[in-house]
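# A structural walkthrough
Spelled out, the chains give:
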Amino acid sequence: MGFLETDPFLNELHEMYQRKGKSGTVWVTMKRMKSKKDGQSITKCLVRANDGKRHVSTAVDAGDYLKFTNSMIVIMKAHMSALKKREKKKNTN
């Protein structure tokens, strides 16, 4: 797909998780990105999502980062139902 704005990126991330269902993997990576515009340094966060077939990315401004990550966390938690709880081992000491 390519480079998207933040809201379409979140929609596509949600669709990736729905397509994968209970079996499959969606990789999400975040990377700090610095650029210069008009002599000023601008810091953004580059976010990429990949499900093996589709690749999407977006750049999030520092001011919008907290709102974006909270929205992304809600989407990711909603699709984490396939994870199994780990059994605790008993110590026999």
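The coordinates are above.
One structure accompanies this document, and this report is about it. (Residues numbered from 1 in each chain as written. Predicted model: local features only at pLDDT ≥ 70, side-chain atom pairs only at ≥ 80, totals over all residues. Heavy atoms only, no water.)

### Regarding the side chain of D51
Formally: Each helix corresponds to a stretch of at least 4 residues labelled H or I by DSSP, and each strand to a stretch of at least 2 residues labelled E; elements are numbered beginning at the N terminus. Exposure categories follow from relative accessible area, calculated using a 1.4 Å probe and restricted to protein chains: below 20% of the type maximum is buried, above 50% is exposed, and the middle band is partly exposed. For the purposes of these results, a polar contact is taken to be a pair of N or O atoms within 3.5 Å, where, inside protein, one atom must be able to donate a hydrogen and its partner to accept one; residues adjacent in sequence count only when each atom of the pair is a side-chain atom. Here, two residues are considered to be in contact whenever any of their heavy atoms come within 4.5 Å of each other.
Note that D51 resides in the loop between strand 3 (40-50) and strand 4 (55-61). Overall, the relative accessible area of 6% leaves D51 in the buried class. Only 3.1 Å separates the side chain of D51 from the backbone nitrogen of K53, close enough to count as a polar contact. Within the local environment of D51, its side chain forms a polar contact with the backbone nitrogen of R54, the two atoms lying 2.8 Å apart. Apart from the residues lying within four places of it in its own chain, the contact partners of D51 are M16, R19, K20, T25, V26 and W27.

### Looking at the pattern of salt bridges
We apply this condition: Just to be clear on terms, a salt bridge is a Lys or Arg side-chain nitrogen sitting within 4 Å of an Asp or Glu carboxyl oxygen.
On inspection of all chains with the given rule, the structure shows four salt bridges. Of the charged contacts, one joins E12 and R54 as a salt bridge, the two residues approaching to 3.1 Å between their closest N and O atoms. One end of the pair, E12, is in helix 1 (residues 6-20); the other, R54, is in the loop between strand 3 and strand 4, and 42 residues separate them in sequence. A relative accessible area of 35% places R54 in the partly exposed class. Among the ionic contacts, a cluster of salt bridges with common partners joins E12, R19, D51 and R54.

### As for the sheet that holds strand 2 (residues 27-37)
For sheets, the rule is that strands pair by backbone hydrogen bonds, running either parallel or antiparallel. To be explicit about the condition: Strand pairing is defined by DSSP finding a minimum of two bridges between the two strands. Fitted lines through C-alpha atoms serve as axes, helices being fitted only where they are in contact, and the angles separating the N-to-C directions of these axes extend from 0 to 180 degrees.
Strand order in the open sheet made by the four strands is 1-4-3-2, with mixed pairing throughout. The outermost strands of the open sheet, each flanked by one partner alone, are strand 1 (2-3) and strand 2. Where strand 1 lies against strand 4, two bridges are found, and the strand directions are parallel. Each bridged residue has a counterpart across the sheet, and for G2 the counterpart in strand 4 is V56. Strands strand 2, strand 3 and strand 4 of the sheet are contacted by helix 1, whose axis makes an angle of about 140° with strand 4.

Everything listed here is a matter of coordinates, which is why it stays silent on function.
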